[in-house]
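Chain and residue survey
Chain residues, written in single-letter form:
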Amino acid sequence: MTDRPRLFGTDGVRGIAGQYPLDRATVAKLGAALATVLEREVSAWPLRVLLGEDTRESSASISRALAAGLKSRGVDVVYAGVITTPGVAFLTRHHGFAAGVMVSASHNPYQDNGIKVLSGTGTKLSESVELEIERALYLDEAGARDGQARALETESAIEPDRALMRDYVDHLVSLAPDGNHVSRARLVFDCAHGAACRVVPELLRRLGIKARIIHAEPDGRNINLRCGSLYPEAMAEETKSQGADLGVAFDGDADRAIFSTREGRIADGDHVLFATAPCFKKRAALKGDAVVGTLMTNLGLELALARQGIGLKRTAVGDKYVLEEMLRSGINLGGEPSGHVIFSDISLAGDGIITLLQVLRVLAETGQSLGELVQGLKQFPQIIRNVPVKEKRPLDSVPEVARAVAEFRREIGDRGRAVVRYSGTESLARVMVEADDARSVERHAALIAEAIESALGDKSGGTKRVRRLT
């Protein structure tokens, strides 16, 4: 396998729908390879795998191909239909499935899709198990091709088990704060035309909440399109104009949540950690007196938490790494600025809806608004630039990039940070620069991004995307 590209990135298998590795034949082979590994790892028989998907136009066909591959090896496939990734995680663990599989590319545009494989405990697979699946996929390719061709000939529509969605909503209802605070709350939901469209309306009905729901009309191609957690401005404006208490925007599979205060101020994952961690500590529920963040966590959060006696541990970017550190360190709260937040006493998966329910619980306990709770967080000016690249050479080995980063560190010292890395799911280099001076941040982010573009840039990849935090 040494000459094979890795299929699994930081968040499963990703690609353009219909193209390798998301062509029907490879997807079916992947299903069969997963079955082969599960046979070795799981003693229970028959093997049962839960399958869910988001609202992309390609998701149903990928689900059918996966199911065909799994069934070709004798696995029972139970189909949840359109549901959130954390919904699949919960149901996998709750009902004792050998594994859960979610067809989604999360926050990516509709042309992309992906396959997230979850363990029987509802967590993302370890890299060692992912490698086992890849080895099984590439083993005896000629035989595998014949077997999957036969499997695809028998591919057929699969009907969702409606009871699964009810079980997940029941679980969410059980996590809602007691009392009338929730039913009285005025909320705005941005469902990103994604999987949350299937969950949120029923949850609101069960909780007796009347809310404004936007971007909840999926057509297969509008998922994440200028909406959701990557584009929360419309949600924030709606929250302000409606006079709502809180707004929330999910991504395509609803494992992220970005919020808005009633004043229309956007609050990311760092704000959620700052709002919840002190409340947890006050009720002696913050294990380890610390939270887990990533390299992208704003330095302002680290300093603000330290003033309240709360530590911050950093990991590589990715919620799977956040969870690994939480479990290793015995910490029960962690997350990323992108909106992945994990409350491990409740769920080992980041769940945007659970994050919302926990924020509502903190608002009820404190009697404060989200704006009031995050007032003490002064984030450093920060810019994140995404640069399309044609290859992913080690960035520290590219002289132009190394010089630009070194120049930043000479000038800024310990008054800021620069993190340069590749996306685990897209052909992008991500440049994050933060410091106490906004003009320095702007200048150095541009210089580092230009160095990457000069050495590795993919002009066909479109323009650089910029996210500013001031």
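Residues numbered from 1 in each chain as written. Predicted model: local features only at pLDDT ≥ 70, side-chain atom pairs only at ≥ 80, totals over all residues. Heavy atoms only, no water.

**Re the sheet that holds strand S6 (residues 112-118)**
Spatially, six strands are ordered S1-S2-S6-S5-S3-S4 in an open sheet, and the strand pairing comes out mixed. Edge positions in the sheet fall to strand S1 (8-9) and strand S4 (76-82), since each has one partner strand and no second. Pairing geometry for strand S5 (residues 99-103) and S6, over four bridges, is antiparallel. Bridge pairing in S6 links Met102 to Lys116. (Pairing = 2+ DSSP bridges. Helix = DSSP H or I, 4+ residues; strand = E, 2+ residues; numbered from the N terminus.)

**Some remarks on the environment of Thr84**
Structurally, Thr84 is set in the loop between S4 and helix H3 (85-94). C-alpha separation for the pair Thr84 and Ala254, spaced 170 residues apart in sequence, amounts to 5.7 Å. The contacts of Thr84, once residues within four sequence positions are left out, are Met102, Tyr168, Ala195, Ala196, Val199, Asp253 and Ala254. Separated by 2.9 Å, the side chain of Thr84 and the backbone nitrogen of Gly87 make a polar contact. (Contact = heavy atoms within 4.5 Å. Polar contact = N/O pair within 3.5 Å; in protein donor to acceptor, adjacent residues only side chain to side chain.)

**Topic: the pairing of strand S7 (residues 187-190)**
Taking every second residue as pointing to the same face, both faces of S7 are buried, with Leu187 and Phe189 on one and Val188 and Asp190 on the other. For S7 and strand S8 (residues 211-214), the ladder comprises four bridges, and the chain directions are parallel. Each bridged residue has a counterpart across the sheet, and for Asp190 the counterpart in S8 is Ile214. After leaving S7, the chain enters helix H8 (residues 196-207) and then returns to the sheet as S8, a path that is right-handed. Two strands pair when backbone bridges link them, and S7 and strand S9 (residues 246-250) are joined in this way by four bridges, in the parallel orientation. Across the sheet, the residue bridging to Phe189 is Val248, located in S9. (Buried < 20%, exposed > 50% of the residue type's maximum accessible area, 1.4 Å probe, protein only. Right-handed = clockwise from strand over helix to strand, strands pointing away.)

Just distances and angles here, no functional claims.
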